[in-house]
Each structure stands twice: as structure tokens, then as C-alpha cells.
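Here is what each chain is made of, one letter per residue.
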Amino acid sequence: MDNRLVLYNTLTRKKENFEPLNPPFVGMYVCGPTVYSDVHLGNCRTFVSFDLIFRYLTHLGYKVRYVRNITDAGHLEGDNDEGDDKFAKKAKLEQLEPMEIVQKYTLGFHEVLRLFNTLPPSIEPTATGHISEQIAMVQKILEEGYAYEVNGTVYFDVEKYVKEYDYTILTNRKLDDLLNNTRELNGQDEKRGRLDFALWIKAKPEHIMRWPSPWGVGFPGWHIECSAMSRKYLGDQFDIHGGGMDLAATHHTNEIAQSQACNHTQPAKYWMHTNMLTVNGTRMSKSAGNGFLPHELFSGSHPLLNRGYSPMAVRFFMLQAHYRSTLDFSNEALEAADKGYKRLMNAMALLPKLKATGKKAESNIEALKQRCYAAMDDDFNSPVLIAELFEAVRVVNSVYDGKLAIDPTSLENLQTLMCHFVHDVLGLLDDNTGSDDFEKLMEVVIRLRNEAKQNKDYTTSDRIREGLSAIGIQLKDSKEGTLWNKI
Ligand SMILES: [Zn+2]
């Protein structure tokens, strides 16, 4: 067990020593996806970041229970309990049952995360599977006096809560600013206070996903599921709660209030938030036309991309930035990351072939190892770790070329160090395309296919393209010639 780990806590706005409540056990809850559409790349970055955190904590010897939920009910379009139900709307559009939508996009989400080589969480609870736990929590909040019911809908009473607790403790915003940014109530509103939010919502007749409750037929509000499920699997108080930084202002703020009102304690000791993605310097979003899906990135089918990149190259690209920094997508940055990833994988392929010289090592492997741990102990600083690993790559290449001596113990340490950090911690695998031989083989195949095309032998050129596609290799013709990548 390592006690040097320091992490940035959003709650206190500073880096703190990581001291779990009940070592060696660590409870970690991360807000999962709302499965009504394809998972977007920003979400993938969040889950890759928490995968890195999960992997490193596990590597240090902690017994981590990692809970990541699936939101499959209760998420309305507006964060303020307004708008259509996301599932019902999509179900109508695709002419499917809401639970068919849930199944379709849950499978898609798992497939994308598998391609990114993220480890599955210990528990992946769904909102629809925990309706009774959510009802019980709403009941308790009502009993405690922090909620009220109006016509079958139950609201959390923020105005009462702020008299005793700090509602904006997570983001440190001023309550007045928050009020000024919230719509004024009118005669139509059931809520008493502008900041009040729904814990349980009465179902309109056309609402399909509905459950009986003490307040009539309805469905849970979006925020209550995470409070109820984290409580069930990790207890009233646990170690880490994480998610994308866009969740802090509303969803996580409300989660803290719900748990505090119900359990009389803060739910998590450490709150961790991942930063967002930008494209050529501007925020990635569907409406700006610069938001792309993981598969568009892998295949290179998006108009902003010159070519596709393998999931492992994209994972490497993501880990080259610290999880709290923004990450900018551009063709140049992806190209550079792809080269770096391949260099690292080349070194990994050489590693078992290295021969010890018997002479004392000319490079201090122990010091390098310490620097790798120091990087990760400093709030999971993967870019610094990767820089240190490139120092290891230099050593590997020099030993392989016979330019550097290494004794058997140092060689073994170097091999262990690289396997631990590249495979176990960063979760990077060789997609089998990093080696020189593979590159040369692909050049031969592409040349044959292009010759067939020039000779108008489209049967052969198509067969080559389809054959490659069947094993996950995509070709893309461009001005610079035919480019390829592996999905
Ligand atoms: Zn959540």
C-alpha cells in the first residue's frame, strides 16, 4: 500500500493526501451514461480517466469497489425537471419500446468501452432496477423535513436546506448568483422555491416508464438514483465520487444535498471531476457540428478527420493530457499521438528480446521507477508518467542496438516496470499494428490493391478492401495516398 498518493478534491479545491475511510478498501462511485443515444467522446474521456484511477488504485494494492451506474429512467431533457423524457422521445423516434432503446445503447456503450480497454466496474446498477431504494430515500428525506409533496410530485426543499447546510459547497458559487440564473416561478409552478428540484415526478398519462409509489404513479427524478445506489452499494459515506465536470453544478450539488438530508453526512470524502474535450480549440458539441462519435474517430469517416485512429491510439492520446486539463482534438495532435503510441508499442515488442550484458547498468532503472510512481502519486499525472516511459523507451532501444549495457537485475526491473505502467496502469495494449513488419506488410497489400484498381480490376481491389475490413482494418484514399487504420 502506498501512502504518498495525493489527489485533487473538488470539494476543498486543493490537493489532499489520499486516506481511505476503511483501508485497504476503497469505494468509488462514478456517474455513468444516460443510455438514450450513442456515447459521445467526451463521456469516453471521463470513463477512460476513471479507468486509469481505478487501475492505479488497484495496482497500489487497494481493494476497490467501483460502482458506475446506467441511467435508464428519469432523465428529462432539461436539468431543472423540464422537457420530455429522453427515453420516451427517442423511443417514439425509433419506434421502439423505451427499454429497447436502453438495451440498444447500453450494448453500444459497453462495446465502445471494450474497444478502449477499460475494465468493467465492480457493480453497474441501473435506475430502473433500484426504484424501491429511490422511493425509500425520498420517504426518508420527507420524514426529515427536507422535501414536500404537491399533487403526486415530491420536491427537495432547497430553501429549508440552505438554512442549515451549505448547498453550494461543491462549486463554491454564491447562492444569490445561482438564484439570479434560475427562472422566476410563476402561478403555474408547483415548486415553492426556485432552486427546489424533483425527487419523484408524477407521470402524465402518456408517460410509459412509470412505477407505483406512496405519492401515486410516477418516476424518479434524475439526481436521486445516484444517491440511492451509492448508498446501497458503498454506504452512507464512501471515498471517491467522480464524473464529468459538467455534472458538478447541478447533479452532484443535488446529490450532496439529498445524502446530507437523508443520512446526515456528506456522501463522499473526495470529489473528482474530469475536464472536457475541445476540437481545434472550441468546445466539442453536437450543435457546433464538431462533436464526433467514437466510431467516426476509429474509421476516419468524420469530415474533420484526415484518417481514422485505432482505439488504443486514441486512448494513448487521451492519457497524454491530465484528466483535469482540457484535451484538444486536431488531426496534428492525433497524428503525433499515434506516432508516440506506436513508438511505445515497438519498445514493448522489443522488451522480451533484450539481452543482459552482465555489466552494471548504465542507466538507473530504480530512479526511473520512482519517478513513474511519483508522477501517478501526484493526482494521477499520466502525461508526466508517459514522458518518463519514453525515457524507458530510449533505454530499451539503446540496449537493443547494443549501445547501452544492462545487468540482469536492471533488465528484469525495466521489463516489470514497463509491463506494470504500460499495460496495468495505462491500460494500453498492442493493437498489432505498431511493428515495422506490419507497416511493411500493409504497404505491400495497399500497393497490390491500388494496382488492381488502376487496372480496373475492381473485383480484386474490392476483395482486398473487404478482406481487410473483416479483420478490422479500414482503408481511406486521400491526396497523400491510401491510409489505413485498425479498429
Ligand atoms: Zn450521478
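Here the residue numbers are simple positions, counted from 1 along each chain's written sequence. The predicted nature of this model means local features are confined to residues of pLDDT at least 70 and side-chain atom pairs, given and counted, to a pLDDT of 80 or more, with totals for whole chains, interfaces and linings taken over all residues. To obtain the side-chain values, all non-hydrogen atoms of the structure were included, while hydrogens and water were left out.

Asker: For the overall build of the protein, give the residues involved together with the corresponding values.
Answerer: Looking only at helices and strands, the protein features 16 helices and 15 strands. In terms of C-alpha radius of gyration, the protein reaches 26 Å, essentially the compact-globule figure of 23 Å for 487 residues. Structurally, the protein occupies a C-alpha span of about 75 × 60 × 35 Å along its principal axes. When accessible area is computed with a 1.4 Å probe and restricted to protein chains, residues below 20% of their type maximum are described as buried, those above 50% as exposed, and intermediate ones as partly exposed. Taking all 487 residues of the protein together, the buried fraction comes to 52%. Residue pairs at least 24 apart in sequence account for 73% of intrachain contacts in the protein once pairs closer than 6 positions are excluded. About 21900 Å² of surface is accessible on the protein, with carbon and sulfur atoms providing 50% of the total. A helix here means a DSSP run of H or I that spans at least four residues, while a strand means a run of E at least two residues long, and both kinds are numbered starting from the N terminus. The atom set for the radius of gyration is the C-alpha atoms, and the globule formula is 2.2 Å times the number of residues raised to the power 0.38. Between two residues, a contact is recorded if the distance between any of their heavy atoms is within 4.5 Å. The accessible surface values rely on the Shrake-Rupley method and a 1.4 Å probe; as for residues, cover is taken only from the protein chains in view.

Asker: Could you give an account of the coordination of the zinc ion, with specific residues and numbers?
Answerer: Metal donors: N, O and S atoms at distances within 2.8 Å, or within 3.2 Å for Na, K and Ca, with water omitted from the atom set so that some sites may seem incomplete. For the zinc ion, the full set of protein donor atoms is Cys31 (SG), Cys226 (SG) and His251 (NE2), at a range of 2.0 to 2.2 Å. Counting gaps between the donor residues of the zinc ion yields the pattern C-x194-C-x24-H. Separated by 195 residues along the polypeptide, Cys31 in the loop between strand 3 (25-30) and helix 1 (41-59) and Cys226 in helix 7 (residues 222-234) bring together distant segments of the chain. Residue Cys31 is classed as buried on the basis of its relative accessible area of 5%.

Asker: How would you sum up the side chain of Asp377? Please name residues and give values.
Answerer: When you line up the elements, Asp377 lands in helix 12 (residues 365-377). Given the relative accessible area of 5%, Asp377 is considered buried.

Asker: Please give an account of the sheet that holds strand 11 (residues 277-279) that cites residues and values.
Answerer: At least two DSSP bridges between two strands are needed for those strands to be called paired. The mixed open sheet is built from three strands, whose spatial order is 12-11-13. In this open sheet, the two edge strands, each paired with only one partner strand, are strand 12 (282-283) and strand 13 (327-329).

Asker: Before we move on, can you summarise the pairing of strand 10 (residues 268-274) with the specific residues and values?
Answerer: Within strand 10, six of the seven residues are buried, which leaves it mostly tucked inside the rest of the structure. One ladder, built from six bridges, connects strand 9 (residues 238-244) with strand 10; its direction is parallel. Across the sheet, Gly242 pairs through a bridge with Met272, a residue of strand 10. As for the winding sense of the linkage, the β-α-β connection from strand 9 through helix 8 (residues 248-263) to strand 10 is right-handed. Handedness of a crossover is defined as follows: orient the strands so they point away from the viewer, and if the path from the first strand over the helix to the second runs clockwise, the crossover is right-handed.

Asker: Describe in detail the packing of aromatic side chains, supporting the description with residues and values.
Answerer: Aromatic rings from Phe, Tyr and Trp, with only the six-membered ring used for Trp, were paired whenever their centres fell within 6.5 Å, and each pair was classed as stacked if the ring planes differed by under 30 degrees, edge-to-face if by over 60, and tilted otherwise. If you walk through the whole model with that rule in mind, you get 19 aromatic pairs. Taking the centre distance of 6.3 Å and the plane angle of 90° together, the rings of Phe316 and Phe390 count as edge-to-face. Of this pair, Phe316 sits in helix 10 (residues 311-319) while Phe390 sits in helix 13 (residues 382-400), and the two are 74 residues apart along the sequence. Of the aromatic side chains, those joined through ring pairs into one cluster are Tyr146, Phe156, Tyr161, Tyr165, Tyr167 and Phe197. Whether a charge sits over a ring comes down to the Lys NZ or Arg CZ being within 6 Å of the ring centre and within 35 degrees of the ring normal. If you follow Arg192 out to its NZ or CZ, it ends over the ring of Tyr148, 3.8 Å from the centre. Directly above the aromatic system of Tyr8 lies the positively charged group of Arg324, at a separation of 4.1 Å from the ring centroid.

Asker: Which residues make up helix 14 (residues 408-425), and what values do they have?
Answerer: The span you would expect from a helix comes to 1.5 Å times its residue count less one. Taking 1.5 Å of rise per residue, the 18 residues of helix 14 would be expected to cover 26 Å, and the 24 Å separating its terminal C-alpha atoms lies within 8% of that figure. Looking at helix 14, one finds that the buried residues are Ser410, Leu411, Leu414, Leu417, Met418, Phe421, Val422 and Val425. Mapping the buried residues of helix 14 onto a view down its axis gives an arc of 155°, with all of them on the same face. Facing away from the buried side of helix 14 by over 90 degrees, the exposed positions are Thr409 and Glu412. Lining the buried residues of helix 14 we find helix 1, helix 11 (331-350), helix 12 and helix 13. One or two residues past the end of helix 14 sits Gly427, with phi positive at roughly 70°. Comment: arc refers to directions from the helix axis out to C-beta atoms.

Asker: Account for helix 2 (residues 86-94), naming residues and giving values.
Answerer: Regarding helix 2, the residues found buried are Lys86, Phe87, Lys90 and Ala91. What you see down the axis of helix 2 is that its buried residues fit within an arc of 125°, all on one side. Residues of helix 2 that are exposed and angled more than 90 degrees away from the buried face: Lys92 and Leu93. Against the buried residues of helix 2 lie helix 3 (98-115). One or two positions beyond helix 2, positive phi appears at Gln95, with a value near 55°.

Asker: Please give an account of the environment of Thr326 that cites residues and values.
Answerer: Relative to the elements of secondary structure, Thr326 occurs in the loop between helix 10 and strand 13. For the pair Thr326 and Thr278, spaced 48 residues apart in sequence, the C-alpha to C-alpha distance is 6.9 Å. Among residues more than four places away in sequence, those in contact with Thr326 are Arg45, Asn275, Met276 and Ala321.

Asker: For the sheet that holds strand 6 (residues 153-156), give the residues involved together with the corresponding values.
Answerer: Strands pair in a sheet through their backbones, by hydrogen bonds, and they do so in one of two ways: parallel or antiparallel. Strand order in the open sheet formed by four strands is 5-6-7-8, with antiparallel pairing between adjacent strands. A strand with exactly one partner marks an edge of an open sheet, and here the two such strands are strand 5 (147-150) and strand 8 (218-220). On average, each strand axis in the sheet is tilted by 20° relative to the strand beside it, whichever way the strands run. By the bridge criterion, three bridges tie strand 6 to strand 7 (residues 197-202) in an arrangement that is antiparallel. Its bridge partner being in strand 7, Phe156 is matched across the sheet by Phe197. Orientation is described by axes fitted as lines to C-alpha atoms, over the contacting stretch for helices, and by angles from 0 to 180 degrees between their N-to-C directions.

Asker: Explain the state of the cysteines residue by residue, including any values.
Answerer: Put simply, a disulfide is two cysteine sulfurs that come within 2.5 Å. By the definition in use, this model includes zero disulfides. The thiol of Cys419 is unpaired, and the distance to the nearest cysteine sulfur, on Cys372, comes to 13 Å. By relative accessible area, which is 34% here, Cys419 ends up partly exposed.

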